[in-house]
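Secondary and tertiary structure notes
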Amino acid sequence: MQGKHIVLGITGSIAAYKAAVLCRLLKTAGAEVKVVMTPAAKAFITPLTMATLSKNPIAVEFYNPENGDWHSHISLGEWADCLLIAPATANTIAKMATGIADNLLLTTYLSARNRVAIAPAMDCDMFAHTATQHNLDILRSRGVGIIEATEGELASGLHGKGRMAEPESIVESVAALLSEKKKSLQGRRFVVTAGATTEAIDPVRFISNRSTGKMGYALASELAERGAEVTLVSGRTALPAPQGVRRVDVLSAEEMYEAAAAAFGNADGAVMCAAVADYTPETVSPTKIKKGDGDMVIRLKRTRDIAAELGKIKGGRILVGFALESDNEERNAQAKLESKNFDFIVLNSLRDKGACFGTDTNKVTVIDKNSYEELPLMSKHEVAARIIDRIEQKLPNR
Ligand code: C5P
C-alpha cells in the first residue's frame, strides 16, 4: 500500500461514518488518499472530517460554487491506483452499471484507469433485489472488485445481509487487489518460444547453445498473469513451467516449428524468444558414433526459420522477435525486423554487461519501424512487462 494513490469515494449511506476509520487505516498503511463525496454523502459525514483525515481537500462538485474553480472531472480517475467506493449505495452501483455520470464520483469511475473496488452498504431487501444483484454482476464482469457486504443488524432495524464490510477487511481487500495484475489479456492467446533447441548428432550427443530460457519464461509468466492463455514451446531449460501456462517440450528446431505453428493457428500473437539452432546435422547416426584416430567432420544443413515462417502467415496477429547480436547490432536487428515481418524486435547486445545468458537481468533496445527505445538494465521480469505493455498497445481491439 506504501505510496499508492487511493481515491476514496463516499456515497450517501449511514455506513459513511466508517469511512473516517477507513481513511485513517489507508493512511496508516502508507497510501495517499483523496476523497470524493457524492452530494448525499455530506449529510452523513462532513467534508471537514474527511479533509482533516485524508490531509487533502474534498471534491464534491464539478466546480467550487463560491469561486467557480473547476475540478477536472477525470483527473482523479487518472491519478488513482485504486478507486475505492465505500460505502457504495444501491443508487451509485446502478449508475456505475449503466454509465450515468451525474456527479464527480461517477465521472471519476468512468475515467478510472486502474483498479476499482466497491464496498456495498444498504438495507437487506435492497441488497437482495434482483436489480442490485444484476448490477453487481455487471460490475464484477467488468473487473470491479466487490468487497462483500456482511450480515448483521442494519440501520433500518432489520437483520440481514447488506452491512458494509469492516474498514480493516476493506483495507485488506484493496491491498490484495493492488498486488494482483490487471487481467488485461483475458481471452487472448499467445505462443512463446523459449530455451535452446538441441540438434541430435547421435543418440548421445547433440548441438545446442547457452540459452537458459529465463527471458522467454518471464514473458510467458507475465502474459499468463495478465490473463492470457499461453502455449510455451520450450527447448532445453532447467526452469519449471510458470503457473497457468501450457508448456510443450521440444528438442529440435523442426519439433519447435511444428509445435509453434500448431499453436499459432488460433493465437492473437507470438513472441519468438527461443535460441533456435540455425544448422542441424544432415544425418543423425542411429547408434553412438565410435571415436577414431583422425578428425571428424559433421555436415550440417539449415534448419527452418520458425519466426520467418510465422511472419509469412501472420495476417493481423502480433509477432515479436529477439535479436542477439555481437556487432552491427542495430543494423542487423533492423534487417531481421523486416525479413521476419516482426511488429517489433527486442535487441540484446552481447557487449552489454548483465544482459547475457543465464543472468536474471537484461538490457534491451526495442525497435519497430518508427521507433527505437533503449531500456536501462532491469530484471528479466521487468523487461517482460515492458515488452507486453507494447504488445497490448499494438493488439487490435475486438
Ligand atoms: O536470425 P536470428 O536467429 O538472429 O533471429 C532471431 C529471432 O528469430 C529470434 O526471435 C528467434 O527466436 C527467431 N528464430 C526462429 N527460428 C529460427 C531462428 C531464429 O524462430 N530458426
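From a predicted model like this one, the values you see are computed outputs, not experimental measurements.

Below, the discussion takes up the packing of helix H9 (residues 214-225) against helix H13 (residues 380-394). The N-to-C vectors of H9 and H13 enclose an angle of 55°; their axes lie 8 Å apart at closest approach. The angle between the axes of H9 and H13 places the two elements in the oblique class. Crossing of H9 over H13 shows right-handed handedness. Contacts between H9 and H13 pair Lys214, Met215, Ala218, Leu219, Ser221, Glu222 and Leu223 from the former with Lys380, His381, Val383, Ala384, Ala385, Ile387 and Ile388 from the latter. Taken together, the residues of the contact of H9 with H13 sort by class into 9 nonpolar, 2 polar and 3 charged.

Every one of the 14 residues lining the ligand counts as a neighbour, but Met272, Ala274, Phe322, Lys336 and Lys340 are closest to it. At 2.6 Å, a backbone N or O of Met272 approaches an oxygen atom of the ligand. Within the backbone of Ala307, one N or O atom sits 2.9 Å away from an oxygen atom of the ligand. About the coverage of the ligand: the protein hides 87% of its 450 Å² of free accessible area. Of all the secondary-structure elements, those providing two or more residues to the shell around the ligand are helix H11 (306-313) and strand E16 (318-325). Taken together, the residues of the shell around the ligand break down into 7 nonpolar, 2 polar and 5 charged.

Here the focus is the packing of aromatic side chains. Per the counting criterion, the structure on display carries 0 aromatic pairs. Over the ring of Tyr257 we find Arg304; its NZ or CZ atom is 3.8 Å from the centre of that ring. Residue placement shows Arg390 over the ring face of Phe344; its charged tip is 5.5 Å from the ring centre.

Glancing now at the environment of Arg299. Mapping Arg299 onto the fold places it in the loop between strand E14 (279-281) and strand E15 (300-302). Residue class for Arg299 comes out exposed when judged on its relative accessible area of 60%. Leaving out residues up to four positions away in the same chain, Arg299 has contacts with Thr280, Pro281 and Glu282.

So, how was this worked out
- Residues numbered from 1 in each chain as written.
- Predicted model: local features only at pLDDT ≥ 70, side-chain atom pairs only at ≥ 80, totals over all residues.
- Heavy atoms only, no water.
- Axes fitted to C-alpha atoms, helices over the stretch in contact; angles between N-to-C directions.
- Helix = DSSP H or I, 4+ residues; strand = E, 2+ residues; numbered from the N terminus.
- Parallel < 35°, antiparallel > 145°, perpendicular 65-115°, else oblique.
- Left-handed = near helix turned anticlockwise from the far one by under 90°.
- Contact = heavy atoms within 4.5 Å.
- Nonpolar A, V, L, I, M, F, W, Y, C, P; charged D, E, K, R; others polar.
- Near = heavy atom within 4 Å.
- Polar contact = N/O pair within 3.5 Å; in protein donor to acceptor, adjacent residues only side chain to side chain.
- Areas by Shrake-Rupley, 256 points an atom, 1.4 Å probe, with all protein chains shown as cover.
- Phe/Tyr/Trp six-rings, centres within 6.5 Å; stacked < 30°, edge-to-face > 60°.
- Lys NZ or Arg CZ within 6 Å of the ring centre and 35° of its normal.
- Buried < 20%, exposed > 50% of the residue type's maximum accessible area, 1.4 Å probe, protein only.

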